[in-house]
Amino acid sequence: MTSFAGHVAVVTGATSGIGRSIALRLAADGATVHALGRDQERLDSLGKKATGPGTLVPIRLDLTDDAAVTSAVELILEQHGRVDHLVHSAGAYSSARVDAATLTELDAQYAANVRAPYALTQRLLPALRVAGADGGADVIIVNSTQGLRAGAGTSQFAATQHAMRAFADSLRQEINADGIRVATIHLGRTATPRQETIFAREGRAYTPELLLQADDVADLVAYLIGLPPTAEITELHLRPAKKSY
Ligand SMILES: NC(=O)c1ccc[n+]([C@@H]2O[C@H](COP(=O)([O-])OP(=O)(O)OC[C@H]3O[C@@H](n4cnc5c(N)ncnc54)[C@H](OP(=O)(O)O)[C@@H]3O)[C@@H](O)[C@H]2O)c1
């Protein structure tokens, strides 16, 4: 296991599913992890789950609230002055055929899935550059297979994932020279509360053991972060080895 002692991480979506596993994993590997989420109860339980030797610092905020994001970034900068790893796992999901999809849902997914990670990254760039100049830094974006090829009923969500893929590709070319790597992970179905809801909506039996596990994704993030600073993986496709259909 690589030790991330002394590293400062920011993980969004840390109150649920994939982000939660990533936050716990990085803290277990020694990092100081700023764990961002909206749900206070789940933030509290996350803090109790942490096993160290790193530290979990729960931060309650809505990432679509610009003022809240500015305050959180100021707090992180005051405490550390650097961010070694920024992992975006927060996001909203809804599905509907174009006939039935609402523009309100489109705006909500754009705000949570594109504007929010864009704004947070933008504000943390100076802190990422500090770490980039001192051993290297990472921006890791948890994306979806829907960010590669959109299926029916996912026009809005898939559009946000394509947007984030483009954001990552453009950002990488701007900040690689500052010692900052940018990776996109395109995930297939992963056993999380979100996926359980999707299976229920589809009227299908939920068999989480047939899906990717959130801890599998956390392992991958730890691997990416642990790569030597001379190497960068830009994009990965992670699919369930077994299939639920
Ligand atoms: N599960 C899958 O099968 C799958 C497949 C492909 C890609 N992904 C991607 O993986 C990521 C995580 O998915 P998941 O399944 O772990 O989702 P999840 O269980 O639904 O968790 C979503 C997380 O996002 C946070 N969040 C949403 N909107 C927010 C906002 N406005 N401000 C702050 N936090 C917000 C939630 O916080 P609160 O709960 O505190 O509100 C929660 O922690 C997503 O980007 C998703 O697109 C998932």
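Note that the structure is predicted; figures quoted are calculated from it, not measured.

Asker: I'd like a rundown of the overall build of the chain, residues and numbers included.
Answerer: Assigned secondary structure in the chain consists of 7 helices and 9 strands. Against the 2.2 N^0.38 benchmark of 18 Å for 245 residues, the chain shows a C-alpha radius of gyration of 17 Å, consistent with a compact globule. Considering the chain as a whole, with its 245 residues, one finds that 42% of them fall into the buried category. Nonlocal contacts in the chain, meaning residues at least 24 apart in sequence, comprise 69% of its contacts between residues at least 6 apart.

Asker: Describe the site of the ligand, with residues and values.
Answerer: Surveying the vicinity of the ligand reveals 27 residues, the closest of which are Gly13, Gly17, Gly91, Thr192 and Arg194. Of all the secondary structure elements, the ones that give two or more residues to the shell around the ligand are helix 1 (17-28), strand 5 (137-144) and helix 6 (193-202). Its residues assigned to classes, the shell around the ligand shows 8 nonpolar, 13 polar and 6 charged.

Asker: Explain the environment of His85 to me, and be specific about the residues and the numbers.
Answerer: Positionally, His85 belongs in strand 4 (residues 85-88). Through-space distance from the C-alpha of His85 to that of Ala31 is 9.5 Å; in sequence the pair is 54 residues apart. Beyond its immediate sequence surroundings of up to four residues, His85 is in contact with His7, Ala9, Ala137, Asp138, Ile140 and Ile225.

Asker: Go over the sheet that holds strand 3 (residues 55-60), please, and point to the residues and values.
Answerer: Strands sit in the order 3-2-1-4-5-6-9 across an open sheet of 7 strands; the sheet is parallel. Only two strands of the sheet have a single partner each, and these edge strands are strand 3 and strand 9 (235-238). Going across the sheet, the axis of each strand differs from the next one's by a mean of 15°, ignoring polarity. In the sheet, strand 1 (residues 8-12) pairs with strand 2 (residues 32-37) via 5 bridges, with the strands oriented parallel. Following the sheet pairing, Val11 is matched in strand 2 by Ala35. Sitting on the sheet, helix 2 (residues 40-49) touches strand 2 and strand 3, and the angle it makes with strand 3 is about 175°.

Asker: Give me the lowdown on the packing of helix 3 (residues 66-80) against helix 4 (residues 103-132), citing residues and values where you can.
Answerer: Contact geometry of helix 3 with helix 4 gives a least axis separation of 10 Å together with a crossing angle of 20°. Considering their axes alone, helix 3 and helix 4 lie roughly parallel with respect to each other. Where helix 3 crosses over helix 4, the handedness of that crossing is right-handed. Residues Asp66, Val69, Thr70, Val73, Ile76 and Leu77 of helix 3 touch helix 4, and the partners they reach there are Ala119, Leu120, Arg123, Leu124 and Ala127. Split by residue class, the contact of helix 3 with helix 4 holds 8 nonpolar, 1 polar and 2 charged.

Asker: Please give an account of the nonpolar core that cites residues and values.
Answerer: Of all hydrophobic cores here, the largest spans 59 residues; its most connected members are Val11, Ala23, Val33, Val83, Leu128 and Val217. The leading source of residues in this core is helix 4, at 8 residues. Contacts of Val217, omitting those with residues within four sequence positions, involve Ile18, Ser21, Ile22, Ile185, Leu187, Thr190, Leu212 and Leu238.

Asker: An account of the pairing of strand 6 (residues 180-187) is requested, with residue identities and associated values reported.
Answerer: For strand 6, the tally of buried residues reaches 8 of 8 residues, placing the bulk of the element in the interior. Both strand 5 and strand 6 contribute to a ladder of 8 bridges, which runs parallel. Looking at the pairing, Asn143 lines up with His186 of strand 6. You can see the chain leave strand 5, run along helix 5 (residues 155-175) and come back into strand 6, and the turn it takes is right-handed. With 4 bridges connecting them, strand 6 and strand 9 associate as parallel partners. Paired with Ile185 across the strands is Leu236, a residue of strand 9.

Calculation criteria
- Residues numbered from 1 in each chain as written.
- Predicted model: local features only at pLDDT ≥ 70, side-chain atom pairs only at ≥ 80, totals over all residues.
- Helix = DSSP H or I, 4+ residues; strand = E, 2+ residues; numbered from the N terminus.
- Rg over C-alpha atoms; globule rule 2.2 N^0.38 Å.
- Buried ≥ 20, exposed ≤ 12 C-beta atoms within 10 Å, placed from the backbone.
- Contact = placed C-beta atoms within 7 Å.
- Near = placed C-beta within 6 Å.
- Nonpolar A, V, L, I, M, F, W, Y, C, P; charged D, E, K, R; others polar.
- Pairing = 2+ DSSP bridges.
- Axes fitted to C-alpha atoms, helices over the stretch in contact; angles between N-to-C directions.
- Parallel < 35°, antiparallel > 145°, perpendicular 65-115°, else oblique.
- Left-handed = near helix turned anticlockwise from the far one by under 90°.
- Core = buried A, V, L, I, M, F, W, Y, C linked by C-beta atoms within 7 Å.
- Right-handed = clockwise from strand over helix to strand, strands pointing away.

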